[in-house]
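# Inside the fold
These are the residues of each chain, in order.
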Amino acid sequence: MFKNYLKIAWRNLLKNKGYSIINVGGLALGMAVTLIIGLWINDELSYNNYFQDKSKIAQVYQSQTFNGNTGTGPAIPLPLEPALRERYGDSFEHLVMSSWTNDSFLKYGENKISRPGNYMQRTAPELLDLQILKGEKDGLREVNSIMISESTASSLFGEEDPIGKVIRISNEYDLMVTSVYKDIPQNNSFHDTEYIIPWEHYTANREWIQNSLENWGNNSFQMFVQLTPNTDMKKFSETIRNLKKDLNEDTAEFNPQIFLLPMEDWYLRNNFEQGKQVGGRIKYVWLFGIIGAFVLLLACINFMNLSTARSEKRAKEVGIRKSIGSQKGQLVYQFLSESFLVVVFAFFLALLFVLLSLNGFNELARKEMVFPWKSSGFWLISIAFIFFTALLAGSYPAMYLSSFRPVDVLKGTFKAGRYAGLPRKILVVVQFTVSIAFIIGTVIVMQQINYAKNRPIGYDREGLIQIPTFSQDFSGKTDLMRNEFIASGAVTHMATSSSPTTQIWSNRSGFTWEGKPDGFQEDLAWTEVSAEYAKTLNLKIVEGRDFSRDFASDSLGVLINETAKKYLGMLDPVGKLLRDTDDEDPDPPMKIIGVVEDMIAQSPYEPVKQGVYVYDRFENFSYYNLRLNPKQSASENLAIVEQVYKEHFPDIPFEYQFVDEQYGRKFASEERIGHLSGIFTALAILISCLGLFGLTSFVAEQRTKEIGVRKVLGATVFNVWNMLSKDFLKLVTISCFIAIPISYYIMNGWLQDYPYRVILKWWIFLLAVIGAMGITVLTVSFQAIKAAKQNPIKSLRTE
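What counts, and at which threshold
- Residues numbered from 1 in each chain as written.
- Predicted model: local features only at pLDDT ≥ 70, side-chain atom pairs only at ≥ 80, totals over all residues.
- Heavy atoms only, no water.
- Helix = DSSP H or I, 4+ residues; strand = E, 2+ residues; numbered from the N terminus.
- Buried < 20%, exposed > 50% of the residue type's maximum accessible area, 1.4 Å probe, protein only.
- Contact = heavy atoms within 4.5 Å.
- Areas by Shrake-Rupley, 256 points an atom, 1.4 Å probe, with all protein chains shown as cover.
- 1 Å grid on protein atoms, 1.4 Å probe; cavity = no way out; pocket = protein on both sides within 12 Å on 5 of 7 lines; lining within 4 Å.
- Points joined across faces, edges and corners; volume = space filled by probe spheres on them.
- Nonpolar A, V, L, I, M, F, W, Y, C, P; charged D, E, K, R; others polar.
- Expected span 1.5 Å × (residues − 1).
- Arc of directions from axis to C-beta.
- Salt bridge = Lys/Arg side-chain N within 4 Å of Asp/Glu carboxyl O.
- Pairing = 2+ DSSP bridges.
- Phe/Tyr/Trp six-rings, centres within 6.5 Å; stacked < 30°, edge-to-face > 60°.

Moving on, we come to the overall build of the chain. When you go through the chain residue by residue, the secondary structure sums to 26 helices and 26 strands. Among the 799 residues that make up the chain, the fraction classed as buried is 51%. Of the contacts formed within the chain by residues at least 6 apart in sequence, a portion of 79% connects residues at least 24 apart. Summed over its atoms, the accessible surface of the chain is roughly 37700 Å², and 54% of this surface lies on carbon and sulfur atoms.

Written as structure tokens, this is what we have:
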């Protein structure tokens, strides 16, 4: 019987090729979107699945409160480590201190590369589940050892065995390769860790770390832990919450709270507001999941509409089958089998669409997804997906078509009924409500991105590059290199800084000043710079003056930004002193010599943080900042800069970053979401238009004789077009009135996550309405005008 149903379904597909193409094509598009979104969601949810004991791994986080504002992050003080080991050592399988991930220069022979990596404690390879390809798992037991990734080993050694070889690090010290581990996958928090150096080497070679062994106020480190199987993470996190406050009274005023952030939350739920977890990228998982579900729904609606619209064509078939004994259940089963056949065709076509678009999607989404051909789970889900879609798309048409009364059909008195088309109209309204909401959402996302992009950033990023200086080779050569670069003609200005232009690496507190309110807890963004910093970045001095090498006293000078002026409560800050409150080893007081215009160094969606720019007396710089000569091409300038650089640092690879590119990366996540939303919105509109096209075609076919009579009686093409189009335009108008308040509510809520955000304007919604109307008119007009121009003699000819 099922075989017979499939034969009938196949004949109906071949008999009505136009409708079949629209049905199969629309469903295939909807299913392809759903499949590719499903792959993306699976990749997001599987982040860090590389780890076998993911549920027991966590990072130590800290919340601190400054003047009522609570900030949360993974930066912790060094004394916390011995405190945790001593008090709760039995609760840890592994406890690993780590530096932040930073680039270093690696050299072997003539090969010189720059790679990111970490200094970590000895049990890090076990906590990270590193897959050792060569060497030993316990590769960090010797202080002068290094573990490197497979790709790093290939870049440095080629086919040569790296084990036992010595690598020169930042042209400062030599380390012996003890292990080579498999590259950590991209969807992993440690993907950028391409080398690991023993923690003991880190602490032994840096005086500032030795000075931090008992300093609870220096939050410059991070810590990862793996709990024992019988330790409950949530309970243990509560146990250690007040540990820092209990052990150090000096930090109690900031109410430090120590807790564990589980690995499963590192990627998807790492946003905090006022010390409370408020989500993160998980909102995008929900967003695209909803988009995928709605796009599939739109495709299923097309199937329902076209199937029920052609009901009268199949009414006699239903009547004959019922008259010879077919039960309603059998008819439902037949129509569902037709739906199943269409969905199977659509699914395989959708697979083809996914395969053709996966590389482009990966590039756009910055993923490395592969099609799971060998995954039995994927195919089981696919089978369930096919049956679910077939049931969703075919259930209503099956119930509707099987409900016809055979007596009325065979007597020729069957009428679809006055309200028979109402469900189809409702479904069209649903389709365009979703499509219009998608249009509005996409426009608002792109508006928010452009709003932040056009925000004044306070400095000139065009022609500005930064060169990392993570080596002692750069010490004592700043003036020499500035003179050399400028004399080359490729550079007009050069300055040094302790942080990159687009980031803030250090925050300081512990200062007092004239007029400081009692109990005020300051938190200042701290950047150490050379005298030419403002000139190099084209920072505008709004009060006072810039640093000058003509004044020896400027070595204790400081510039503040406009936000810091308000934050410190200074009406006339120039000449005021900032004093260190450290009783044991106070720094000399610093004089404010000028105020600079606010510059965006962190997120362009956040308010500018109160910042101070301190004269770099001790060469704590990490970057050269170079303003390229605008009279020459960038490539010409860079070639000259590289030549000068290599003359003085032949053993260190020449690495540089364009500041405008680094700034542009701050929008990367939102831009990817915007572009993906735009693509899915376009596909949703296309699917809706396919259904509208099919319905218009059917209505025109159904009213062929009526159109012929009207034309004989003098109706124009416009009259006929108006007759066929107005009903659809009414439905789209209704969709607009439904979609606008829904999209306003949702997008206004989304914008609340951004302190610096666009204001929703009426023209955005008007644009979406005009767009939806225009799309409807174009879609309907093709068939309407075609029907209107048909020769009335042919349409009135007796069949």
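One can find His201 in helix H6 (residues 199–204). Ignoring any residue separated from it by four or fewer positions in sequence, one finds His201 in contact with Tyr119, Val143, Asn144, Tyr173, Leu175 and Arg206.

On to unusual backbone geometry, then. Despite not being glycine, Asn67 has its phi angle at roughly 55 degrees, a positive value. Tracing the chain through its elements places Asn67 in the loop between strand S1 (57–66) and strand S2 (69–73). For Asn67, a relative accessible area of 32% corresponds to the partly exposed category. For Ser170, which is not glycine, the phi torsion reads 50 degrees and is therefore positive. Looking at where Ser170 falls in the secondary structure, it is placed in the loop between strand S8 (166–169) and strand S9 (173–181).

Here we come to empty space enclosed by the protein. Following the criterion strictly, the structure yields two cavities of 30 Å³ or more and no others. Computed from the structure, the largest cavity encloses a volume of approximately 170 Å³. In terms of lining, the largest cavity is formed by 21 residues, of which the most central are Ile504, Met599, Ile600, Ala601 and Tyr613. For the lining of the largest cavity, the elements supplying multiple residues, two or more each, are strand S19 (524–529) and strand S24 (611–615). Looking at the lining of the largest cavity, the element that brings in the most residues is S24, giving three residues. Partitioned by chemical class, the residues of the lining of the largest cavity number eleven nonpolar, eight polar and two charged. The calculated volume of the second largest cavity comes to roughly 40 Å³. Sorting elements by how many residues they give to the lining of the second largest cavity places helix H22 (residues 668–702) first, with four residues. Its residues placed into classes, the lining of the second largest cavity shows four nonpolar, one polar and two charged.

Position of Gly515 relative to the elements: it lies in the loop between strand S18 (511–512) and S19. Residues Gly515 and Met570 lie 55 residues apart in sequence; the distance between their C-alpha atoms is 7.9 Å.

Time to look at the environment of Asp138. Note that Asp138 resides in the loop between strand S6 (132–135) and strand S7 (145–149). Given the relative accessible area of 28%, Asp138 is considered partly exposed. Between the C-alpha atoms of Asp138 and Glu126, which are twelve residues apart in sequence, the distance is 8.4 Å.

If you check helix H20 (residues 634–648), its first and last C-alpha atoms are 21 Å apart, about what 15 residues at 1.5 Å a residue would give, namely 21 Å. Along H20, the residues classified as buried are Asn637, Leu638, Val641, Val644 and Tyr645. Down the axis of H20, the sector holding all buried residues measures 130 degrees, keeping them to one side. Within H20, the exposed residues directed more than 90 degrees away from the buried face are Ser635 and Glu647. Lining the buried residues of H20 we find strand S15 (464–468), helix H17 (478–487), strand S16 (491–497), strand S25 (623–628) and strand S26 (657–658).

Here we take up the pattern of salt bridges. Inspection of the entire model under this criterion finds 25 salt bridges. Ionic pairing is found between Asp554 and Arg545, a salt bridge with its closest N-O pair at 2.8 Å. By relative accessible area, which is 1% here, Asp554 ends up buried. Beyond isolated ion pairs, a larger network of salt bridges with shared partners links Asp43, Glu44, Arg281 and Lys367.

Bringing the pairing of strand S11 (residues 222–227) into the picture now. When a strand is regular, its side chains alternate between the sheet's two faces. Burial analysis of S11 places six of its six residues in the buried class, the great majority of the element. Side-chain alternation along S11 places Gln222, Phe224 and Gln226 on one buried face and Met223, Val225 and Leu227 on a second face that is also buried. Strand direction decides the pairing type here: S1 and S11, joined by three bridges, are antiparallel. Bridging from a neighbouring strand, Gln59 pairs with Phe224 of S11.

Let us look at the packing of aromatic side chains. Under the criterion given, the structure shown has 50 aromatic pairs. Ring centres 6.2 Å apart and planes at 45 degrees place the aromatic pair Phe474 and Tyr645 in the tilted group. Taken together, the residues Phe474 in the loop between S15 and H17 and Tyr645 in helix H20 connect sequence positions 171 residues apart. Among the residues examined, Phe474 registers a relative accessible area of 0% and is labelled buried.

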